[in-house]
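Listed below, chain by chain, are the residues.
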Amino acid sequence: MENEAGRRVVCRRPVVYADSMRSSDTAGPAPTPIKRVNPRAWSRVPPVLVLIAAFGVYMGNGHGRSSGDTIPGKVLPISMLVEHDLDMNECEASMHPKTRYCMREFNGRLLSAYPLGPAFTALPIYAIAYGINPHVFGATRQEYRNARFGEDTDSAASRLEDLSAAVIAALSVMFIWLICRTRLSVLASLLVTAGYALG
């Protein structure tokens, strides 16, 4: 092809790529982007959730079985709140002979044959109940003294014993979880904590 000046002009055809020949109506819908789950999102398990789960498991069995080993931990918090002492003289008349091995007599006082740590640990739970209802352990001093602390399972003392034990154990489970999360992955922390809680 020549122009008016006699010069030859070369016409080049535009290059059309295959992708540009597809029309918008035949291209199909755009693929939906896949939402990826952040692995750290589910790893942020609140410690309070571990506490609630452990507490529910420990309280799920209804009530524990009382024995002579547990009587000091159940009775001494009441004795500290009502009698303001650390002996169990007030429980002597109502205690079963088979459970008296939990006491030792010293200078006319019946003292616990076991360490006092569990009683002091459970004291805050008993104190809250006693503060809400001062008659929770008996409307009168004589009724309190006649309570069968060693054999009953439905009294306020037994219910508070189960509640305080569940709270203390659940707190220890949460403490183990917090320690594990500083060193281990979520899965490893769950396995270690579950093994501690249920083992």
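In case you missed it, the structure is sitting above this.
Residues numbered from 1 in each chain as written. Predicted model: local features only at pLDDT ≥ 70, side-chain atom pairs only at ≥ 80, totals over all residues. Heavy atoms only, no water.

**Digging into the overall build of the protein**
Working step 1: A count of helices and strands for the protein gives six helices and two strands.
Working step 2: Burial analysis of the protein (199 residues in total) assigns 28% to the buried set.
Working step 3: When contacts within the protein are restricted to residue pairs at least 6 apart in sequence, those whose partners lie at least 24 apart make up 64%.
Working step 4: As displayed, the protein offers around 14000 Å² of accessible surface, 61% of which is attributable to carbon and sulfur atoms. (Helix = DSSP H or I, 4+ residues; strand = E, 2+ residues; numbered from the N terminus. Buried < 20%, exposed > 50% of the residue type's maximum accessible area, 1.4 Å probe, protein only. Contact = heavy atoms within 4.5 Å. Areas by Shrake-Rupley, 256 points an atom, 1.4 Å probe, with all protein chains shown as cover.)

**Side note on the environment of Asp-87**
Working step 1: Locating Asp-87 in the fold gives a position in the loop between α2 (71-83) and β1 (103-106).
Working step 2: For Asp-87, a relative accessible area of 7% puts it in the buried group.
Working step 3: In this structure, the C-alpha to C-alpha distance between Asp-87 and Arg-109, residues 22 residues apart in sequence, is 6.2 Å.
Working step 4: Apart from the residues lying within four places of it in its own chain, the contact partners of Asp-87 are Leu-76, Ser-79, Arg-109, Leu-110 and Leu-111.
Working step 5: A polar contact is formed between the side chain of Asp-87 and the side chain of Arg-109, at a distance of 3.1 Å. (Polar contact = N/O pair within 3.5 Å; in protein donor to acceptor, adjacent residues only side chain to side chain.)

**As for a nonpolar patch on the surface**
Working step 1: A cluster of nonpolar residues, Val-48, Leu-49 and Ile-52, forms a patch on the protein surface that exposes about 290 Å² of accessible area.
Working step 2: Considering the arrangement of structural elements, one finds Val-48 in helix α1 (residues 47-59). (Patch = residues over 30% accessible without salt bridge, like charges linked within 9 Å, V, L, I, M, F, W, Y side chains within 5 Å. Salt bridge = Lys/Arg side-chain N within 4 Å of Asp/Glu carboxyl O.)

**Digging into the nonpolar core**
Working step 1: Residues Ile-71, Val-75, Leu-76, Met-80, Met-88, Cys-91, Met-95, Cys-102, Met-103, Leu-110 and Ala-119 constitute the largest nonpolar core, which totals 11 residues.
Working step 2: At four residues, α2 tops the list of elements feeding residues into this core.
Working step 3: Apart from the residues lying within four places of it in its own chain, the contact partners of Met-103 are Met-88, Met-95, Leu-110, Leu-111 and Ala-113. (Core = buried A, V, L, I, M, F, W, Y, C linked by side-chain atoms within 4.5 Å.)

**Notes on the pattern of salt bridges**
Working step 1: Using the criterion set out here, one finds two salt bridges in the structure.
Working step 2: Note that Lys-74 is salt-bridged to Glu-161, the shortest N-O span being 3.7 Å. You can see Lys-74 sitting in helix α2 and its partner Glu-161 sitting in helix α5 (residues 156-181), a full 87 residues away along the chain.
Working step 3: Residue Lys-74 is classed as buried on the basis of its relative accessible area, which comes to 0%.
Working step 4: A salt bridge links Arg-109 to Asp-87; the shortest N-O distance between them is 3.1 Å. Taken together, the residues span a long stretch of sequence, with Arg-109 in strand β2 (residues 109-112) and Asp-87 in the loop between α2 and β1 at a distance of 22 residues.

**What about the pairing of β1?**
Working step 1: Relative to β2, β1 runs antiparallel, the two being bridged by four bridges. Looking at the pairing, Met-103 lines up with Ser-112 of β2.
Working step 2: Joining the antiparallel neighbours β1 and β2 is a turn of two residues, in which Asn-107 adopts a positive phi near 55°. (Pairing = 2+ DSSP bridges.)

**A look at the packing of α1 against α5**
Working step 1: Between α1 and α5, the least distance of the axes is 8 Å, while the angle of their chain directions is 140°. Along this stretch, α1 crosses α5, giving a crossing that reads as right-handed. Facing α1, whose interface residues are Pro-47, Val-48, Val-50, Leu-51, Ala-54, Phe-55, Tyr-58 and Met-59, α5 presents Asp-162, Leu-163, Ala-166, Val-167, Ala-169, Ala-170, Leu-171, Val-173, Met-174, Trp-177 and Leu-178.
Working step 2: In the contact of α1 with α5, the residues fall into 18 nonpolar, no polar and one charged. (Axes fitted to C-alpha atoms, helices over the stretch in contact; angles between N-to-C directions. Left-handed = near helix turned anticlockwise from the far one by under 90°. Nonpolar A, V, L, I, M, F, W, Y, C, P; charged D, E, K, R; others polar.)

**Some thoughts on the side chain of Thr-193**
Working step 1: With respect to the helices, strands and loops of the structure, Thr-193 is situated in helix α6 (residues 186-198).
Working step 2: By relative accessible area, which is 6% here, Thr-193 ends up buried.
Working step 3: Engagement of the side chain of Thr-193 in a polar contact is seen with the backbone oxygen of Ser-189, the distance being 2.7 Å.
Working step 4: In contact with Thr-193, not counting residues within four places along its chain, are Val-50, Val-173, Ile-176, Trp-177 and Cys-180.

**What about the layout of surface pockets?**
Working step 1: Its boundaries defined by the atoms lining it, the second largest pocket holds a volume of some 200 Å³.
Working step 2: Along its surface, the second largest pocket is lined by 13 residues, and Val-50, Ala-53, Ala-54, Val-173 and Thr-193 are the ones closest to its centre. (1 Å grid on protein atoms, 1.4 Å probe; cavity = no way out; pocket = protein on both sides within 12 Å on 5 of 7 lines; lining within 4 Å. Points joined across faces, edges and corners; volume = space filled by probe spheres on them.)

Such coordinate-based values are descriptive only and should not be taken to indicate function.
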